[in-house]
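Coordinate inspection notes
These are the residues of each chain, in order.
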Amino acid sequence: MPTRRPTARAAEQDDEAVLGDEEELADLDQQYVKALDDYGDARAALKSKEQGWSGLSASTQQEQFGGDKERYFRMLADEVARAKDVMNELDKARRARDRALAEARG
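Residues numbered from 1 in each chain as written. Predicted model: local features only at pLDDT ≥ 70, side-chain atom pairs only at ≥ 80, totals over all residues. Heavy atoms only, no water.

Here helix α5 (residues 69–105) spans 54 Å end to end across 37 residues, near enough to the 54 Å set by a 1.5 Å rise per residue. Looking at α5, one finds that the buried residues are Tyr72, Phe73, Leu76, Val80, Ala83, Met87, Leu90, Arg97 and Leu101. Two to three positions downstream of the cap, the backbone nitrogen of Glu70 sits 3.0 Å from a side-chain oxygen, assigning the N-cap of α5 to Asp68. Directly after α5, the chain includes Gly106, whose backbone phi takes a positive value near 75°. (Helix = DSSP H or I, 4+ residues; strand = E, 2+ residues; numbered from the N terminus. Expected span 1.5 Å × (residues − 1). Buried < 20%, exposed > 50% of the residue type's maximum accessible area, 1.4 Å probe, protein only. Polar contact = N/O pair within 3.5 Å; in protein donor to acceptor, adjacent residues only side chain to side chain.)

Written out as structure tokens, the structure is:
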């Protein structure tokens, strides 16, 4: 007796069972793209840290960083690290989702 291949609808239902609804999937992808953008922005700010410091008003330099340029630079480095962590976690979630989908499809 020949085995029947699952219909497209059955395969889609399997995918939904594994992955959740499409809005959640799209949200994960959007979060990843935003995290990637944030990481790029943070890296660019760190690379141009001297210009960034010079671009701050004297009152902002004093109020937010106590006039400490190195404190500002550390804050930028922390932002890069945080953005990279978020991006990496979202990437892991996306890869896990892709693996689950591949396994569901057999």
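Having put the structure on the table, let's press on.
Before going further, it helps to examine the environment of Lys49. Here Lys49 lies in helix α3 (residues 49–55). Classification of Lys49 as partly exposed rests on a relative accessible area of 32%. Distance from Lys49 to Tyr72, taken between C-alpha atoms, is 8.4 Å for residues 23 residues apart in sequence. Not counting residues up to four positions away in its chain, the partners in contact with Lys49 are Tyr72, Phe73 and Leu76. (Contact = heavy atoms within 4.5 Å.)

Taken by themselves, the reported measurements are silent on function.
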